[in-house]
Amino acid sequence: MATKHEQILEYIESLSIGSKISVRRIAKELNVSEGTAYRAIKEAENIGYVSTIERVGTIRIETKKKDNIEQLTFAEIINIVDGQVLGGREGLYKTLNKFVIGAMKLEAMMRYTEADSLLIVGNRIRAQELALQAGAAVLITGGFDTEDHVKELANEKDLPIISTTYDTFTVATMINRAIYDQLIKKEIIIVDDIFTPLDQAHFLRSSDSVKQWYELNEQTGHSRYPVVDGEQRVVGMVTSKDVIGKDQDLPIHKVMTKNPMTVQTQTSLANTAHSMVWEGIELIPVVDFQGHFQGIITRQDVIKGLQQLQRQPQIGETIDDLVSNQMELLEDGTNTTYFSEVTPQMTNHLGTLSYGVFTSFVTEASTRMLRQYKKGDLVVENLSIYYMKPVQLGSMLEIKPNPLEIGRKFTKIDVEIYSDEVLMGKALMLAQFIDR
């Protein structure tokens, strides 16, 4: 039997695209408390079923696919520019393919304005009208309103017409920044990208016996299986250690490990790798937001995902990408030393090297140095910075990682950072290797 939370999510999913949703309405229609309705709506927003827009409310939207993540909906544009909807509310869930800045003659502007685009323009009524007729939404800058017949046209065509107090240049910059952020998100690998789906995964039911484990083991050669109940929820894990020496007629639920660790499809690869390494787990069941079994993710899946991550083209550059691209190796035959210049993006509001970038230098230099000794990736357990002086913009850094201990699974590294032969910082890093 589905919980009230699950019933609300199923109800929201069944609504038509563009439907307005409110806590009070859901509480009344499904006979639940407003607190339960609120929590379910927030969960639906995280999943991507709905979007909440200031001064508009919460609406059912079309769930965006991951490969379409660089596209924004008009609803997201409103949040980015702190906009106000003047008309065409029913089209807020639609995505825009490009935006056009209306700072040219009308004829030239219309050559670039096409269906599913967004025209960013000032108080030019004719341009707004022509854009809507061409199938494009309109964003009016400078805080201007528009005429009633333009609003009526927007409502008729289900195309949003939005007003913002920002100027055109600022709006374009804000939208560009949002698209850039989406591109960075696109590079982050999640469980959904790499896990083994349900139709290819092997599992047992809580009603099965130990005998079924042996049959599945002989068929697949694997020894670890999730256990699901009658409603397809993960209730346990069973391994060879659990069944050896046990009566084969014994039910699986009597020998399994209850309440196993699970991950959701939206969990990041980094988080999953960390859980596997530190808990010593080879296989984790994948569940949806309702706890239903979706598949499995193994250590081999994680390693393949990490290799895929290293091959990805870097479109949106993060601070870690910046540090990695700037850092160069100096081979002097004795010590491993890396060089990098402190660029403006690496500084804090005081113009000195930020604490976060300092830690990125420590982990990047340590990871590169360890690849000389052992192939594979690292999961950092602890990083202690016990000395750090202000490093000014434009300084040339020398990063010197010194391995204190390199074991089969664990490593301990001391890192010193110099500028003009003066010690600027010291750190100690403890990490564990991700092995096959």
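The model shown is predicted, which means the values in this text are computed figures rather than measured ones.

Enquirer: Would you mind going over the pattern of salt bridges in detail, with residue names and values included?
Expert: Per the counting criterion, the structure on display carries 13 salt bridges. With a closest N to O distance of 3.2 Å, Arg25 and Glu29 form a salt bridge. Of the two residues, Arg25 and Glu29 both sit in helix 2 (residues 23–29), four residues apart, roughly one turn of that helix. The class of Glu29 is partly exposed, set by a relative accessible area of 45%. Ionic pairing is found between Glu231 and Arg233, a salt bridge with its closest N-O pair at 2.3 Å. Owing to a relative accessible area of 37%, Glu231 belongs among the partly exposed residues under this scheme. Taking relative accessible area as the criterion, Arg233 reaches 17% and is therefore assigned buried. Here the residues in one salt-bridge network are Glu6, Glu231 and Arg233, joined through shared partners.

Enquirer: Go over the side chain of Thr113, please, and point to the residues and values.
Expert: With respect to the helices and strands, the residue Thr113 is situated in the loop between helix 5 (106–112) and strand 8 (117–121). For Thr113, a relative accessible area of 6% puts it in the buried group. Engagement of the side chain of Thr113 in a polar contact is seen with the backbone oxygen of Met109, the distance being 2.8 Å. The contact partners of Thr113, leaving out residues within four places of it in the chain, are Val100, Leu119, Ala131, Ala134 and Ala136.

Enquirer: Please set out the side chain of Gln232 residue by residue, giving values where relevant.
Expert: Along the chain, Gln232 falls in the loop between strand 13 (225–228) and strand 14 (234–238). Within the structure, Gln232 has its side chain in polar contact with the side chain of Arg205 (distance 3.1 Å).

Enquirer: Give a description of the sheet that holds strand 17 (residues 283–287) that names residues and reports values.
Expert: Two modes of strand pairing occur in sheets, parallel and antiparallel, and in both the strands are linked by backbone hydrogen bonds. Strand order in the open sheet made by the four strands is 11-18-17-16, with mixed pairing throughout. Each edge of the sheet is formed by a strand with only one pairing partner; in this case those strands are strand 11 (196–197) and strand 16 (263–264). Direction of pairing for strand 17 relative to strand 18 (residues 293–298): antiparallel, over a ladder of five bridges. Within strand 18, the residue paired with Leu283 across the bridge is Thr298.

Enquirer: I'd like to hear about the environment of Val227, residue by residue, with values.
Expert: Position of Val227 among the secondary structure elements: in strand 13. The spatial distance from the C-alpha of Val227 to the C-alpha of Arg205 is 5.2 Å, given a sequence separation of 22 residues. Ignoring any residue separated from it by four or fewer positions in sequence, one finds Val227 in contact with Leu204, Arg205, Ser206, Arg233, Val234, Val235, Gly236, Met237, Val238, Ile252 and Met256.

Enquirer: Kindly report on the packing of aromatic side chains, identifying the contributing residues and their values.
Expert: For the structure on display, the rule yields three aromatic pairs. For the ring pair Phe203 and Phe293, a centre distance of 5.2 Å and an interplane angle of 65° mean the geometry is edge-to-face. Within this pair, whereas Phe203 is found in the loop between strand 11 and strand 12 (204–205), its partner Phe293 is found in strand 18, the two being separated by 90 residues in sequence. According to the relative accessible area criterion, Phe203 is partly exposed, its value standing at 22%. When its relative accessible area of 2% is taken as the criterion, Phe293 is described as buried. A centroid spacing of 5.0 Å and a plane angle of 85° characterise the contact between Trp213 and Tyr214, whose relative ring orientation is edge-to-face. Take Trp213: its relative accessible area is 4%, and that puts it in the buried class.

Enquirer: Can you explain the sheet that holds strand 8? Please cite residues and give values.
Expert: Across the sheet, five strands lie side by side as 5-10-9-8-7; this open sheet has mixed pairing. Each edge of the open sheet carries a strand with a single partner, namely strand 5 (84–87) and strand 7 (98–101). The average angle at which neighbouring strand axes cross in this sheet is 25°, direction not considered. As judged from the four bridges shared by strand 8 and strand 9 (residues 137–140), these two strands associate in the parallel manner. The residue of strand 9 that forms the bridge with Leu119 is Val138. Of the strands in this sheet, strand 5 and strand 10 (161–163) are in contact with helix 7 (residues 148–157), which crosses strand 5 at around 90°.

Enquirer: Could you give me a rundown of the UniProt feature "domain: CBS" (unreviewed entry) in the chain, with the residues and numbers involved?
Expert: Cross-referencing UniProt, the feature "domain: CBS" (unreviewed entry) maps to residues 195–255 and 256–314 in the present numbering. The distance separating the terminal C-alpha atoms of residues 195–255 is 26 Å; by composition the span is 31% helix and 21% strand.

Enquirer: Describe in detail the nonpolar core, supporting the description with residues and values.
Expert: Leu353, Phe361, Leu397 and Ile399 are the most contacted members of the largest nonpolar core, which has 27 residues in total. Where this core is concerned, the elements lending two or more residues are helix 15 (319–326), helix 16 (355–370), strand 21 (377–388), strand 22 (396–406), strand 23 (410–419) and strand 24 (422–434). Broken down by element, this core gets its largest block of residues, seven residues, from helix 16. Not counting the four nearest positions on each side in its chain, Leu397 is found in contact with Tyr338, Phe339, Ser340, Val342, Leu353, Phe361, Val391, Ile417, Tyr418 and Ser419. Among the nonpolar cores identified, the runner-up in size contains 19 residues, and Val81, Leu96, Leu118 and Ile120 belong to it.

Conventions adopted
- Residues numbered from 1 in each chain as written.
- Predicted model: local features only at pLDDT ≥ 70, side-chain atom pairs only at ≥ 80, totals over all residues.
- Heavy atoms only, no water.
- Salt bridge = Lys/Arg side-chain N within 4 Å of Asp/Glu carboxyl O.
- Helix = DSSP H or I, 4+ residues; strand = E, 2+ residues; numbered from the N terminus.
- Buried < 20%, exposed > 50% of the residue type's maximum accessible area, 1.4 Å probe, protein only.
- Polar contact = N/O pair within 3.5 Å; in protein donor to acceptor, adjacent residues only side chain to side chain.
- Contact = heavy atoms within 4.5 Å.
- Pairing = 2+ DSSP bridges.
- Phe/Tyr/Trp six-rings, centres within 6.5 Å; stacked < 30°, edge-to-face > 60°.
- Axes fitted to C-alpha atoms, helices over the stretch in contact; angles between N-to-C directions.
- UniProt positions renumbered as here; feature names shortened; annotations may be inferred.
- Core = buried A, V, L, I, M, F, W, Y, C linked by side-chain atoms within 4.5 Å.

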